[in-house]
Amino acid sequence: MLHKTVTRQLVHWAVVIVMMLLCAGQVLAATANDPLGEKQTYLKDIHINEAWDIAKGNSNITIAIVDTGVDLNHPDLKKNLVPGINLINSKLLPQDDNGHGTNVAGVLAAAANNDRGISGILWDAKIMPIKALESDGSGGEQKLGEGIKYAIDHGAKIVVLSLGINKYSDYMNDIVRYAEEKDVLLVAATGNEGNRVRYPAAYPTVLAVGGMSADFQANSLSNSGPEIDLVAPWDVFTTAKGNSYEHKDGTSMAAPQVAAVAALAWSKYPDMKVYQIRQLLRQTAQDLMDTGWDESTGYGLLRADRALAEMPLLDMYEPNNRKNQAKAISVSKMISASFTGGSDQDWFSFDAPYDGTVNLTFELAEGQTVTVQHTDAKGTFSSVTAHPGQPVPLKVTQGKSYLLLQLTDRNQTGEVPYKLTTSFDIYRDQFEDNDKQYKAYVLPSRSQRLKGTFHQTGDQDWFEFPVEQSGSLTIRLSTDTARIDPVLFVQKQGEKGTTIDTDDDGVTEMLALAEVFPGKYYIKVSNVKQYANAVVGEYMLDIEYDAKQMDPNEPNNRSYQATTISLDTEYTGLIDKADDVDWYQFQLSGDTYAQLNVTGIPNVPMFAFLYDGSMRPIASGDGRKIIMLHQRLPSGTYYLKLTASEPFDRDVYQLMVKAKPLIGGYADIQEHWALNSILELSGKQIINGYDDYTFRPDLPITRAEATTILSRAFKLSKQKTISYTDVSSGHWAYADIAKAAQAGIVDGYPDRSFAPDQPVSRMEMTSMIARSMNISGKRRGAIPFTDVDENYWGVGVLKQMKAEGWITGYDDGSYRPDQQASRAEFVTMLAKIMP
C-alpha cells in the first residue's frame, strides 16, 4: 500500500512539473536516448529535436537508397529495411560491400531508442536498398538510371542519390522526368570536388544538396552553382559496415538529411505534390550567406523544425511586387509561385554565369498567359508573352538580369498558381563555324589566350596556327568546369598528329614542342566522346609561341615616317631596340569620341603620347598590360608615339583606334528614331548623357531620372522637405525630387519609400508629364486604346492626352501602359509638349 501511494505521488508531481513548464512557455523537445547519440552533433544544427515533437518517422512511404547497397544485418538498420535489389549481381541481395550506402542509411533511418548506437532522423521508416555501385564505389549512369527507375516502379516516394557524375545525358534526363511525372522526389548530393554541381543533382527537378561546415558556411569542397537548392551539415556520425559506427563527411551525408526531413514533412502533409515538398524545404531553410537563394548554399540550411511547424506558402517569394524587392532565383531549376490576380507583379532576379540564353517554361492554368519583361545585365530590355509549356528564350549577358512577370489578363481576380522552370544555354563562341578541319579558324601568329565553348551536341573547335618563323610552341587546354574532359589534338599540315588526353574531368592538357618550323599547325579542341552534349562552361586555349618577331611598320621612328592607320583595324608592333620609337597617324572627320587602345603589352612599361596635327600634346598614358586613351576630338590629323622602358622582340603589342561620330555630344544616337527630340532637349540643357558620351536611349528610365528631367524642363524652384526612406539628402536627385514633390508631379509609396531606381512604366511617364502640364484627366469620351478600360486607373489622363494630341499608341491600337518606358520615349513625349 505504501508503494502504491509513493507511485501516485511521483506521478502527481511529474504532472505538476510538466504543467509548470508548459505554463512557463518551456516545451521539452523530443530526444532519442541512443548511447552514441551525443556524437550526432549535426542533428542539433538542423533542429531535429523540435521537429520530433511533431513527427518522428514515416512508414507510409518507401525511401530508396541507390548506392553501394546497405548492411542488411546491421542491428540499427534492420528494423527499417524492406526488400530491394542488387543491380550489379542479380543473384545476390543488395548487401553493402563498400560501406557508403550503409553510412547514408544510418543518417536517414537508424532505429531510435533501441539501446544501441545512434538515431536516424526517421525513427520509423521503410528503406529500400538498391545496389547500383561496385564495391569500390564506382559506377555508370546506366546502372544509376536502372536503380532510379526500379525504385519508382516499385513504389518508392523518395530516392536518395548520394553520388554523381559530371556529364549531362538525355538518358538520365528522361529518367528524372519520369520521376517527376510519377510524383517521386529525387534528392541528390552536389559532389565534393569544389567544382560545379554534379548530375543528377544538376537536373531542374532534383533537390540538390550541398554541405555546410561547422562554422555555418558552405564547405569549400562542396560543389556549388546555379543548380543547388539547400545545404545540410557536412560531418556526421553514422552506421558503418560490419555492425559498427563511424564519422563520415561530404555532401553524400548531407543529402539523406534532406530526404529524411522531406519524409517527415510528407507525414504531416500526405497530399502534397513533390514540387510542393521541394518548395516547402526551400521556404523553411535558414539563410546562411546572401538573403534568399545563392549559388553557394542555395536557399540555406535545412531546418527540420521549420519544415514541420511553418505554414506552407503558395508563393514563398512575396513580397516581390517591385524591382527593389526582386527575389533571386536560379537559371537552372523549377520553382513554384502564384499571381494573386491580374494586377499582381512578380519580380525576380538571376545571375547568368556566362553570356547566353535563359529559357523560361511556365506551367499554369489553361487559357492563361504571362507577360515577361526582361532587363539583362547591360540594361537591354525585351518583352514577350509566355504560353504554358512553350519555352521562352531570353538572350542574356553575364551578370544580374531582372524579370517582371504578370498575367496578361489584367482583369483576372482569382489566384493563379504557376510553376517556372529555367534552363541556361551558353553562348556560341566567336570562332564558329569551325567544327571541321577545313573550316579551321585562322589565328594570328603570336602568343594568345582564347576562350571557347561547346554550345551544342558534338561541338568541336578547329584552329589553324600559322608559324611564320622557327621557334618553340607550347599549347595548354584548360577548363573552368569538371563537366568538360578536354582533349587536345595538334597536327602540322602533312604530318602525323598528336592527341593529348589524361582522361580526367577538368584537368589541363598540354603539349610542348621545343622546336617548330614555318608552316600551318592545326589544333583541335574537343570534349571526350562520352561528354558530347552541350556544356555550360568555357575552355581556355593558351598558345605560347616564342619566335623572334619582325615589326611590319618599320621604319616609323620619326613623326614624318608615321605609319598611317585605318580606324577600327588592329595593328601590331614591337620595340626591338632601346632607342626604338613607333609613330602612327590617323585622320578624323567631324566631332568624334576616339578610343585608342594598346594591348598585349609584354611585362614592361610602355608609354603613349597623342599629338594634334600641329604636334601639340593632347594626352598621354602608360601601362604594363594595357594603355587606354579615350578623348573627344575634333576633325583633323593626329599622331601617336609609342615607346617602352626596355626593348622586347618576342612579343608584339596590338594597337587599335576606334572612333564614333558624336551627334550633339552623343555617340549612340546617330540613327535613332528619337534623334531630334534628344538633340532638342539636350540643347536646352534639360537632359544629359553619361561620362562615355552615350545617351543610352533604349535603357529604361528610372523614377529619379524622369523626375530630374521634369524639374529642369519646367524650371521648378520651390521644394519641400521630403523624408523618403531610400532618398537621403546626399542622393544625386534629392533636390529635384523635392521640387517635383512640391509641385505635385511625383509622390512616394505607402511604405514611405520613393524607389528612385525603379523603372517608370509608360502610364507613369504619361501621368508625370500630365501633372507637369496640370492635366488631371477626364472621364467622358471614348476609350482611346484597346488595352485599357474604364476601370483602369489612368484612363482619364489617357483620354485627355490623346484628345489633345500629346500621345499616340502603337499600330495595333494598344498603349501598353505597364511596359517600361525608355529614355527615348520619355524625352520624345516631353519634347512634344515643350514650347
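Preceding this paragraph is the structure being described.
An account of the accompanying structure is given in this report. Per-chain numbering applies: the sequence of each chain, read as written, is numbered from 1 onward. The model is predicted, so local features are restricted to residues of pLDDT at least 70 and side-chain atom pairs to those at 80 or more, both for listing and for counting; the totals for chains, interfaces and linings are taken over all residues. For side-chain calculations, the full set of non-hydrogen atoms in the structure is used, while hydrogens and water are omitted.

### Here we look at the side chain of Ser-401
Working definition: helices are DSSP H or I runs of at least four residues, strands are E runs of at least two. Numbering for both runs from the N terminus. Following the sequence through the fold, Ser-401 ends up in strand β17 (residues 399-407). In terms of polar contacts, Ser-401 uses its side chain to reach the side chain of His-374, at 3.2 Å. Ignoring anything within four residues of it in the chain, the contact list for Ser-401 reads Phe-348, Ser-349, Phe-350, His-374, Thr-375, Asp-376, Ala-377 and Val-396. Polar contacts, as counted here, are pairs of nitrogen or oxygen atoms within 3.5 Å of one another; within protein the pair requires one atom able to donate a hydrogen and one able to accept it, and residues that are adjacent in sequence qualify only if both atoms are side-chain atoms. Whether two residues touch is decided by their heavy atoms; if any such pair falls within 4.5 Å, the residues are in contact.

### Some remarks on unusual backbone geometry
Residues Glu-318 and Pro-319 are joined by a peptide bond in cis, for which omega reads 0°. A cis amide bond links Glu-432 with the next residue in sequence, Asp-433, at an omega value of 0°. Note that Asp-433 resides in the loop between β18 (416-426) and β19 (441-442). For Phe-216, which is not glycine, the phi torsion reads 65° and is therefore positive. One can find Phe-216 in the loop between β6 (207-212) and β7 (230-233). Burial status follows relative accessibility: with a 1.4 Å probe on protein chains alone, a residue under 20% of its type maximum counts as buried, one over 50% as exposed, and anything between as partly exposed. Taking relative accessible area as the criterion, Phe-216 reaches 29% and is therefore assigned partly exposed. The backbone phi angle of Met-615 is positive, close to 65°, even though this residue is not glycine.

### Details of the pairing of strand β35 (residues 636-644)
By this definition, two strands are paired if DSSP reports at least two bridges between them. Summarising the sheet, strand β30 (residues 582-588) and β35 pair through seven bridges and their orientation is antiparallel. Across the sheet, the residue bridging to Phe-586 is Tyr-638, located in β35. Examined bridge by bridge, strand β32 (residues 606-612) and β35 share seven bridges and lie antiparallel to one another. In the strand pairing of β35, Tyr-611 is matched with Tyr-639.

### Some words on the sheet that holds β7
One open sheet holds the seven strands; their spatial order is β2-β3-β1-β4-β5-β6-β7, and the pairing between them is parallel. Only two strands of the sheet have a single neighbouring strand rather than two, namely β2 (85-86) and β7. By the bridge criterion, two bridges tie β2 to strand β3 (residues 125-131) in an arrangement that is parallel. Residue pairing in the sheet places Asn-86 in a bridge with Lys-131 of β3.

### Side note on the packing of helix α11 (residues 703-713) against helix α13 (residues 762-772)
Here the axes come from fitting lines to C-alpha atoms, over the contacting stretch only for helices, and the angles between their N-to-C directions go from 0 to 180 degrees. In contact at an axis separation of 11 Å, α11 and α13 are set at 25° when each is read in the N-to-C sense. By the angle between their directions, the pair α11 and α13 is classed as roughly parallel. Viewed along their axes, α11 and α13 form a crossing whose handedness is right-handed. When α11 is examined against α13, the residues Arg-703, Ala-706, Thr-707 and Leu-710 are found in contact with a partner set consisting of Glu-764, Met-768, Ile-769 and Ser-772. Residues are grouped as follows: Ala, Val, Leu, Ile, Met, Phe, Trp, Tyr, Cys and Pro are nonpolar; Asp, Glu, Lys and Arg are charged; all remaining types, including Gly, are polar. Per-class residue counts for the contact of α11 with α13 are four nonpolar, two polar and two charged. Under this scheme an angle from 65 to 115 degrees is roughly perpendicular, one under 35 degrees roughly parallel, and one over 145 degrees roughly antiparallel; angles in between are oblique. Less than a right angle of anticlockwise turn of the near helix away from the far helix marks a crossing as left-handed, whereas a clockwise turn marks it as right-handed.

### Let's talk about the sheet that holds strand β25 (residues 509-516)
Across the sheet, which stays open at both edges, the four strands sit in the order β20-β27-β22-β25 with antiparallel pairing between neighbours. Where the open sheet ends on each side, the last strands, each with one partner, are β20 (448-452) and β25. Geometrically, the sheet is characterised by an average inter-axis angle of 10° between neighbouring strands, direction not taken into account. As paired elements, strand β22 (residues 471-479) and β25 share six bridges and run antiparallel to each other. Considered in β25, the bridge of Thr-474 is made with Ala-512.

### Quick word on helix α15 (residues 823-833)
Because the α-helix completes a turn every 3.6 residues, residues three or four places apart line up on one side. Across the 11 residues of α15, nine count as buried, placing the element largely inside the fold. Among the residues of α15, Arg-823, Ala-824, Glu-825, Phe-826, Val-827, Met-829, Leu-830, Ala-831 and Ile-833 are the ones counted as buried. Looking at the packing, one finds that the buried side of α15 touches α10 (675-683), α11 and α13.

### What to know about the layout of surface pockets
Buriedness of a pocket was judged along seven lines, with at least five required to meet protein on both sides within 12 Å; pockets are open sets of points on a 1 Å grid over the protein atoms alone, cavities are sets where a 1.4 Å probe fits but cannot get out, and lining residues have an atom within 4 Å of a point. Grid points are joined across faces, edges and corners, and a volume is the space filled by probe spheres set on the points. Computed from the structure, the largest pocket encloses a volume of approximately 1400 Å³. Where the lining of the largest pocket is concerned, the elements lending two or more residues are β14 (370-375), β15 (381-386), β17 and α13. When residues of the lining of the largest pocket are assigned to their parent elements, the largest contribution, four residues, is made by α13. Per-class residue counts for the lining of the largest pocket are 14 nonpolar, 19 polar and 14 charged. Estimates place the volume of the second largest pocket at around 1200 Å³. Forming the boundary of the second largest pocket are 48 residues, of which Tyr-168, Pro-204, Ser-332, Thr-422 and Ser-423 lie nearest the centre.

Remember, this is a structural readout, not a statement about activity or role.
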